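Spelled out from the first residue to the last, the chains are:
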Amino acid sequence: MNALPAESIDCIFADPPYNLQLSGELRRPNDSMVDAVDDDWDKFDSFSDYDAFSKAWLKAAQRLLKPNGTIWVIGSYHNIFRLGAQLQDLGFWMLNDVVWRKTNPMPNFRGKRFTNAHETLIWCSKSQDARGYTFNYDAMKVLNDDLQMRSDWLIPICSGGERLRGDDGAKAHPTQKPEALLHRVLISSTKPGDVILDPFFGSGTTGAVAKRLGRRFIGIERETRYAKAAERRISTVQPAAHDDVETMRSKKEEPRIPFGWVVERGLLQPGTVLFDQSRRHSAKVRADGSLATRDASGSIHKMGAHVMGATACNGWTFWFYDVEGQLKPIDILRQKLRAEMI
């Protein structure tokens with residue numbers, strides 16, 4: 001991470017070691033062994049050692065993020081609270097904590113505590129003063145069937161054909177994340193062409209999803225066997241077409257189009273009569289982009305409010321023009337000009 005240039009990364013997704021502190025074997029009721037996380041990379045001598053490790057990579061992450069970049073950190077109850085404290089101590093600004101609720105969690109075999117059915121993601125901007133970070137609110141709303149996306153995500157764990165396995169049938173990585181989780185992370189907080197960094201690349205889920213969604217990625221992985229599995233996996237991913245990875249744009253992001261541009265481009269001629277949808281009210285288009293009624297003149301918004309006796313009006317959705325007897329909203333013309341600007 002220290003070898004990469006400063007402020008070169010748009011978004012970081014980090015799935016660091018959880019420091020599970022496992023001791024002894026874990027067996028199912030039928031006495032078969034549970035394939036738990038007992039690798040050396042997840043072992044630390046003490047909490048202070050883990051904290052020092054976390055602080056080091058988080059400081060490196062902060063240096064790499066662009067001023068408007070964001071970071072996602074995922075963990076379990078073993079480590080997420082320690083990571084949260086480190087993030088705040090370093091000056092990151094928490095935007096959300098997201099609960100990934102698993103539809104198919106591993107059962108609690110010992111029966112001495114609740115089944116661990118979720119993990120927590122913390123989403124942060126680089127600092128409290130950071131502005132302009134990416135959040136594709138409208139895309140998330142569409143993804144959620146036109147309802148606001150909540151901070152509790154119901155997604156199954158990685159299983160079946162998605163789970164990478166070695167030639168011996170064993171899991172290629174013990175904590176492989178589902179692609180659906182990374183899909184939601186990247187669609188929500190990045191744009192096509194953004195550079196995504198995963199400093200704990202593992203089996204390459206971040207890279208596979210980033211490639212498919214038209215994002216660029218950097219993956220860092222010290223375990224050779226995981227890196228090779230990730231390379232093989234990502235080599236088979238086919239990127240989606242450029243137009244297919246575009247997300248819904250918020251109205252604030254869309255270029256502003258004055259009504260006068262519609263007139264000067266000849267999409268409506270001076271003298272054209274506009275109507276409301278019921279044809280109860282009418283106004284005439286003038287050469288400067290204003291509208292004139294029998295007793296007043298002004299912008300499309302002011303004249304819409306005037307004829308209704310209202311304090312405000314969105315003229316783009318209020319006024320219609322006649323095409324062979326059919327009324328069409330003038331907003332169609334605004335969208336035509338916007339499309340030419342993108």
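Per an unreviewed UniProt entry, the chain goes by the name Methyltransferase and belongs to Ferrovibrio terrae. For the record of the chain, the UniProt heading Sequence similarities (unreviewed entry) holds the text "Belongs to the N(4)/N(6)-methyltransferase family." As its UniProt record puts it under Catalytic activity (unreviewed entry), the chain is described as follows: "a 2'-deoxyadenosine in DNA + S-adenosyl-L-methionine = an N(6)-methyl-2'-deoxyadenosine in DNA + S-adenosyl-L-homocysteine + H(+)".

Student: What is the right way to look at the overall build of the chain in this model?
Tutor: Along the backbone of the chain there are ten helices and 13 strands. Looking at the chain residue by residue over its 342 residues, the buried ones come to 43%. Within the chain, residue pairs in contact and separated by at least 24 positions form 66% of the contacts whose partners lie at least 6 positions apart. Accessible surface, the chain as shown: approximately 19,000 Å² in total, 49% of it carbon and sulfur. With 47 positive and 43 negative side-chain charges, the chain shows a separation of 4 Å between the mean positions of the two kinds.

Student: Is there a simple way to think about the domain arrangement of the chain in this case?
Tutor: Under the domain assignment, the chain is made up of domain 1 (9-244) and domain 2 (259-340). Computed from C-alpha coordinates alone, the two centres of domain 1 and domain 2 are separated by 50 Å.

Student: Explain the pattern of salt bridges here, please?
Tutor: A side chain with one charge can pair with a side chain of the opposite charge if their charged atoms come near. As enumerated under the stated definition, the model contains 13 salt bridges in all. Note that D152 is salt-bridged to R150, the shortest N-O span being 2.8 Å. Of the residues examined, D152 reaches a relative accessible area of 35% and is grouped as partly exposed. Judged by relative accessible area, which is 57%, R150 ranks as exposed. Between R225 and E223 there is a salt bridge, with the nearest N and O atoms lying 3.1 Å from each other. We classify R225 as partly exposed; its relative accessible area is 46%. Look at E223 and you get buried, because its relative accessible area is 18%. Here the residues in one salt-bridge network are E179, R212 and R233, joined through shared partners.

Student: How should I be thinking about the side chain of T293 in this particular structure?
Tutor: Its place among the elements puts T293 in the loop between β10 (291-292) and β11 (297-298). Side chain to side chain, T293 and D295 meet in a polar contact 3.1 Å long. Excluding residues within four positions of it along the chain, T293 makes contact with S282, A283, M303, H306 and V307.

Student: How should I be thinking about the layout of surface pockets in this particular structure?
Tutor: Vacant regions in the atomic arrangement are exposed by a probe of water-molecule size rolled over the atoms. Taken as a whole, the second largest pocket holds about 550 Å³ of empty space. Lining of the second largest pocket is provided by 32 residues; of these, D15, P17, P199, F200 and E221 occupy positions nearest its centre. Those elements that provide at least two residues to the lining of the second largest pocket are α1 (47-64) and α5 (205-212). Residue composition of the lining of the second largest pocket, grouped by class: 17 nonpolar, eight polar and seven charged.

Student: Got a minute to help me understand the packing of aromatic side chains in this structure?
Tutor: Within a pair of aromatic rings, the relevant descriptors are the distance that separates the centres and the angle that separates the planes. Using the criterion set out here, one finds 13 aromatic pairs in the structure. Ring plane angle 45 degrees and centroid distance 6.3 Å describe the contact between Y50 and F53, whose orientation is recorded as tilted. Highlighted residues: Y50 and F53, both in helix α1, separated by three residues, approximately one helical turn. For Y50, a relative accessible area of 1% corresponds to the buried category.

Student: Can you walk me through the sheet that holds β11 in this structure?
Tutor: Neighbouring strands of a sheet are bound in pairs by backbone hydrogen bonds; such pairs are parallel or else antiparallel. With antiparallel pairing, the six strands of this open sheet are ordered in space as β11-β10-β9-β8-β12-β13. Edge positions in the sheet fall to β11 and β13 (326-329), since each has one partner strand and no second. Across four bridges, the pairing between strand β12 (residues 320-323) and β13 is antiparallel. Its bridge partner lying in β13, Y321 is registered against K328.

Student: Looking at this structure, I do not really get helix α8 (residues 300-308). What am I missing?
Tutor: Each turn of an α-helix holds 3.6 residues, which means side chains three or four residues apart point in the same direction. Burial in α8 covers these residues: I300, M303, G304, A305 and V307. The elements touched by buried residues of α8 are α7 (259-264), β10, β11 and α9 (315-318).

Student: Even after reading the chapter, I still don't get the packing of helix α4 (residues 179-189) against α5, so can you show me in this structure?
Tutor: Between two packed helices, the angle of one axis relative to the other and the distance separating the axes together describe the packing. Running from N to C, α4 and α5 cross one another at 55 degrees; their axes reach a closest spacing of 9 Å. Here α5 runs oblique to α4, going by the angle between their axes. The hand of the α4/α5 crossing is right-handed. Packed against α4, whose contacting residues are E179, L182, H183 and L186, the element α5 presents T205, T206, A208, V209, A210 and R212 at the interface.

Student: I would appreciate a short explanation of the sheet that holds strand β4 (residues 118-125) in the present structure.
Tutor: An order of β5-β3-β4-β2-β1-β6-β7 is seen for the seven strands of this open sheet, with the pairing classed as mixed. Looking at the sheet topology across the chains shown, the edges are occupied by β5 (152-154) and β7 (216-219). Between one strand and the next, the sheet's axes are offset by a mean angle of 20 degrees, whatever the strand orientation. Strand direction decides the pairing type here: strand β6 (residues 195-198) and β7, joined by four bridges, are parallel. In the sheet register, L197 faces β7, and the bridge partner there is I218. Contacting β1 (9-14), β6 and β7, α5 runs over the sheet at an angle of about 165 degrees to β7.

Quick notes on the rules
Residues numbered from 1 in each chain as written. Predicted model: local features only at pLDDT ≥ 70, side-chain atom pairs only at ≥ 80, totals over all residues. Heavy atoms only, no water. UniProt positions renumbered as here; feature names shortened; annotations may be inferred. Helix = DSSP H or I, 4+ residues; strand = E, 2+ residues; numbered from the N terminus. Buried < 20%, exposed > 50% of the residue type's maximum accessible area, 1.4 Å probe, protein only. Contact = heavy atoms within 4.5 Å. Areas by Shrake-Rupley, 256 points an atom, 1.4 Å probe, with all protein chains shown as cover. Lys, Arg positive; Asp, Glu negative; His and termini not counted. Charge placed at Lys NZ, Arg CZ, Asp CG, Glu CD. Domains from an automatic or database assignment. Salt bridge = Lys/Arg side-chain N within 4 Å of Asp/Glu carboxyl O. Polar contact = N/O pair within 3.5 Å; in protein donor to acceptor, adjacent residues only side chain to side chain. 1 Å grid on protein atoms, 1.4 Å probe; cavity = no way out; pocket = protein on both sides within 12 Å on 5 of 7 lines; lining within 4 Å. Points joined across faces, edges and corners; volume = space filled by probe spheres on them. Nonpolar A, V, L, I, M, F, W, Y, C, P; charged D, E, K, R; others polar. Phe/Tyr/Trp six-rings, centres within 6.5 Å; stacked < 30°, edge-to-face > 60°. Pairing = 2+ DSSP bridges. Axes fitted to C-alpha atoms, helices over the stretch in contact; angles between N-to-C directions. Parallel < 35°, antiparallel > 145°, perpendicular 65-115°, else oblique. Left-handed = near helix turned anticlockwise from the far one by under 90°.

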